[in-house]
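Close look at the chain arrangement
The chain contents come next:
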Amino acid sequence: MFGRDPWGGTLEISNADSATDDDRSRDLDRGAMMRHQLDETQQSWLLAGPGDQAGKKKKKYVDIGCMVIDRKIFMWTVGLVLGVGLFVGFVMMIVKLVPHKKPPPPPPDQYTLALHKALMFFNAQRSGHLPKHNGVSWRGNSGMKDGLPDSTVKKSLVGGFYDAGDAIKFNFPMAWSMTMLSWTVIEYRAKYEAIGELDHVKEIIKWGTDYMLKTFNSSADTIDRIVAQVGVGDTSKGPMPNDHYCWMRPEDIDYKRPVIECHSCSDLAAEMAAALAAASIVFKDSKAYSDKLVHGAKALYKFGRLQRGRYSPNGSDQSLFYNSTSYWDEFVWGGAWMYFATGNTSYLTIATAPGMAKHAGAFWIGSPNYGVFTWDDKLPGSQVLLSRLRLFLSPGYPYEEILRTFHNQTDNVMCSYLPVFNSFNFTKGGLIQLNHGGPQPLQYVVNAAFLASLYADYLDTADTPGWYCGPNFYTTDVLRKFAKSQLDYILGKNPQKMSYVVGFGKKYPKRVHHRGASIPHNGVKYGCKGGFKWRESKKANPNILVGAMVAGPDKHDGFKDIRTNYNYTEPTLAANAGLVAALISLADIDTGRYSIDKNTIFSAVPPMFPTPPPPPSAWKP
């Protein structure tokens, strides 16, 4: 008899009924023993039916330490990760290897464009053996015998810069120009580097300082004379060949060029000391040259302090063109630069002496020329420079009182530049009249724009949002707005709709009062009077004096592009130095959080406070 197996199939039970009790007992005991000896997996096999064993495959697992997972899932996961990695790597390789266009940099602003040209003016003014890369095709070697024919000097004075449209080397404004250019490099080195002009401006400065080192015994600790000028321009004694009477290219000069020395010239000595000291910071990476500049600066400043007197006595040739009104402001100016170059506090003591400040005019607030920074009056620049010291180092006693005075006076100067206070008149076109309507106004304007822009940078770097004019608070943006308005006027935003920087813009002066630019570069040598026809010509100059800022318009915004009228059309070395300073300070060049170099000027200054002594050794019983 068959019964139905609930798992499928038949089950024979007849034999089971015939089995004896003993047989059943033995079978049960044998099964129990077998089950006892099998592990759980084997038992599961025995419990499973024949169909289950045939239909299932044994699963494989992977032990990865923290867990055990199915091998198939593991392999799929690994494959997926590798596939994604290969895809990402392929995409990155394509991005790197396939050329793609970078977004073009923003075009340079007008101040940067004008700056490139303004620096070229100094190349055109070089005297001596010109480098091959000078970049002014119509200029050549000149002044190659300067100093040698002079019976009193008898040494080479080759080099330096011609001052303006003539061929005289005036050391007083030349030294100031080098000081100004060095100041801009110290403050805005990163900007110069960003636009590719750092090497150029440093070369210009070195051209001037190399020449200045020739004008005195720079290897000595003590000197007794300085060359003040090469060439003369006085024509009051009648027509005679000199650098003002003759209209000749510098390369063709064949007349005598006298050398003027001075034995008592505190102003010139202190200004030259400032120039060499400031340049020593610019060239601090060239230790030998920097040390040479510092040594010369020390000798000059010492000479100026001991041999008191103005370099331009009444009736002298110097007094006719670059007369110095006093030497006290040069003592403050030169002393400040000497301190930054050497770290010697004796120079700071001189620069901050209350009596020195008084003589320099620091308290003459009611003076009509108060705050007008020029090659003659360095006090406004000195006050800004020493305010920098107070803002960033704050040396404290015994300098704090006078430094606070200089800082307050700087604030007052900045207030005087604002139209709302009526300290100076403005033309209808918006040009500030720092020389009270006199001729050649632009040289004063660019200096004021530079000081305003630089002081704004100082305040921003010191996390100071502005300054007070009485009870009224003004932000640094007000100073920059003033500075930009003046430079914009010079670069073409004026009633004449012309740029006063030659070669910049579509309309600029074409008949600049300049001998080299007005005479054709045609291989013909024109004598002392032979160039008169070019001077009187109404035609445009055959050579473009790129970057030259002319003297400027009159107080009514009028301008006459006439070569013979130097009050309108003559450029000068000092004026262009101020122009370069103002342009670099306002140029929109991203160099990081701050636009100025906060610390380089203090590189030689020792810590304000002495280093604390080391802690005592451990106590031993």
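The following refers to the structure shown. (Residues numbered from 1 in each chain as written. Predicted model: local features only at pLDDT ≥ 70, side-chain atom pairs only at ≥ 80, totals over all residues. Heavy atoms only, no water.)

Regarding the overall build of the chain
For clarity, the threshold we go by: Helical segments are the DSSP runs of H or I of at least four residues, strand segments are the runs of E of at least two, and each set is numbered from the N terminus. Remark: exposure states derive from per-residue accessible area (1.4 Å probe, protein chains only) relative to the maximum for the residue type, with buried under 20%, exposed over 50%, and partly exposed in between. In what follows, a contact means two residues having at least one pair of non-hydrogen atoms within 4.5 Å. Note on areas: Shrake-Rupley with a 1.4 Å probe; residue coverage comes only from the protein chains shown.
A tally of helices and strands in the chain yields 22 helices and nine strands. Looking at the 621 residues of the chain, the share that counts as buried comes to 50%. Across the chain, every contact between residues at least 6 apart in sequence was considered, and the portion connecting residues at least 24 apart equals 71%. Surface accessibility of the chain: about 31100 Å² in total, with carbon and sulfur atoms responsible for 58%.

Brief notes about the state of the cysteines
For clarity, the threshold we go by: For the purposes of this analysis, a disulfide is any pair of cysteine sulfur atoms at a distance within 2.5 Å.
Across all of its chains, the model carries three disulfides by this definition. At a sulfur-sulfur separation of 1.9 Å, the disulfide partner of C415 is C469. Across the S-S bond of C415 and C469 the torsion is about -100 degrees, and the bridge reads as left-handed. In this pair, C415 sits in helix α16 (residues 400-416) while C469 sits in strand β8 (residues 466-469), placing the two residues 54 residues apart along the sequence. Numbered in order of appearance, the disulfide-bonded cysteines of the chain are paired 1-6, 2-3, 4-5.

Some words on the packing of aromatic side chains
We apply this condition: Side-chain rings of Phe, Tyr and Trp (the six-membered ring for Trp) are treated as a pair once their centres are within 6.5 Å; stacked means planes under 30 degrees apart, edge-to-face means over 60, and tilted covers the remaining angles.
The tally for this structure, following the rule as stated, stands at 32 aromatic pairs. Ring centres of F172 and Y311 lie 4.8 Å apart, and the angle between their planes is 40 degrees; on these two criteria the pair is classed as tilted. Taken as a pair, F172 in helix α7 (residues 171-194) and Y311 in the loop between α10 (287-306) and α11 (317-321) lie far apart in primary sequence, 139 residues in all. When sorted by exposure, F172 lands in the same class as Y311, which is buried. Each ring, one from W337 and one from F340, has its centre 6.2 Å from the other, and the planes form 75 degrees; the classification is edge-to-face. With a gap of three residues between them, W337 and F340 both fall in helix α12 (residues 328-342), about one helical turn apart. Summarising the burial analysis for this pair, W337 and F340 share the class buried.

Let's talk about unusual backbone geometry
Along the chain, Y397 connects to P398 via a cis peptide bond; the corresponding omega equals 0 degrees. For P398, the location among the structural elements is in the loop between α15 (379-392) and α16. Residue H436 is not a glycine yet carries a positive backbone phi of 55 degrees. Mapping H436 onto the fold places it in the loop between α16 and α17 (442-461). Residue class for H436 comes out partly exposed when judged on its relative accessible area of 46%. One non-glycine residue with positive phi stands out, namely Q440, at about 55 degrees. Checked against the element boundaries, Q440 lands in the loop between α16 and α17. On the basis of relative accessible area, Q440 is assigned to the partly exposed category, the value being 23%.

Here's the deal with the nonpolar core
The condition that has to hold: By nonpolar core is meant a set of buried Ala, Val, Leu, Ile, Met, Phe, Trp, Tyr and Cys residues that side-chain atoms within 4.5 Å join together.
Residues W183, I226, W337, F340 and Y417 are the most contacted members of the largest nonpolar core, which totals 165 residues. The element contributing the most residues to this core is α17, with 14 residues. Excluding its chain neighbours within four sequence positions, the residues that come into contact with I226 are T215, I260, E261, C262, C265, L268, A269, M272, L300 and F303.

Details of the pattern of salt bridges
Just so we agree on the cut-off: Take a side-chain nitrogen of Lys or Arg and a carboxyl oxygen of Asp or Glu: if they are within 4 Å of each other, that pair is a salt bridge.
Applying the stated criterion to the full structure yields 23 salt bridges. A salt bridge links R139 to E251; its shortest N-O distance comes to 2.6 Å. On the criterion of sequence distance, the pair formed by R139 in the loop between α6 (110-124) and β5 (169-170) and E251 in the loop between β6 (226-230) and β7 (259-262) is long-range, its members being 112 residues apart. Notably, a salt bridge pairs E400 with R390, separated by 2.9 Å at the nearest N-O pair. Note that E400 is positioned in helix α16 and R390 in helix α15, a separation of ten residues in sequence.

Comments concerning helix α8 (residues 198-214)
The condition is simple: Expected helix span is given by 1.5 Å per residue-to-residue step, counting one fewer step than there are residues.
With 17 residues, α8 extends 25 Å between its outermost C-alpha atoms, agreeing within 8% with the 24 Å of an ideal straight helix rising 1.5 Å per residue. Here α8 lies mainly inside the structure; twelve of its 17 residues are buried. The set of residues buried in α8 consists of L198, H200, V201, K202, I204, I205, W207, G208, T209, Y211, M212 and L213. On its buried face, α8 is in contact with α6, β5, α7, β6, α9 (266-282) and α10.

Concerning the packing of α8 against α9
Worth spelling out the cut-off: Only the contacting stretch of a helix is used when fitting its axis, a line to C-alpha atoms as for every element, and angles between N-to-C directions run 0 to 180 degrees. Orientation categories follow fixed angle ranges, with anything under 35 degrees roughly parallel, anything over 145 roughly antiparallel, 65 to 115 roughly perpendicular, and all other angles oblique. Crossings are classed by handedness, with left-handed meaning an anticlockwise turn of the near helix from the far one by less than a right angle and right-handed meaning a clockwise turn. Only Asp, Glu, Lys and Arg are considered charged, only Ala, Val, Leu, Ile, Met, Phe, Trp, Tyr, Cys and Pro nonpolar, and every remaining residue, Gly among them, polar.
Relative to each other, α8 and α9 sit at 135 degrees, their axes nearing to 10 Å. With respect to α9, the element α8 is oriented oblique. In the crossing of α8 with α9, the sense of the turn from one axis to the other is left-handed. Between α8 and α9, the residues in contact are K202, I205, T209, M212 and L213 and M272, A275, L276, A279 and V282, respectively. Residue composition of the contact of α8 with α9, grouped by class: eight nonpolar, one polar and one charged.

Comments concerning the side chain of H514
Applicable threshold: A 3.5 Å cut-off defines polar contacts: any pair of N or O atoms within that distance qualifies, except that in protein one atom must be a possible hydrogen donor and the other a possible acceptor, and neighbouring residues in sequence count only when both atoms are side-chain atoms.
Structurally, the position occupied by H514 is in the loop between α18 (476-490) and α19 (515-518). Overall, H514 belongs to the buried group, its relative accessible area being 4%. Side chain to side chain, H514 and Q125 meet in a polar contact 2.8 Å long. A polar contact is formed between the side chain of H514 and the backbone nitrogen of G516, at a distance of 3.4 Å.

Quick word on the sheet that holds β6
In a beta sheet, neighbouring strands pair by backbone hydrogen bonds and run either parallel or antiparallel. As a reminder of what qualifies: Pairing between two strands is assigned when DSSP locates at least 2 bridges connecting them.
One open sheet accounts for three strands, arranged β5-β6-β7; its pairing is antiparallel. Both outer strands of the open sheet, β5 and β7, are each paired with one neighbouring strand and no more. Strand direction decides the pairing type here: β5 and β6, joined by two bridges, are antiparallel. In the strand pairing of β6, K169 is matched with V230.

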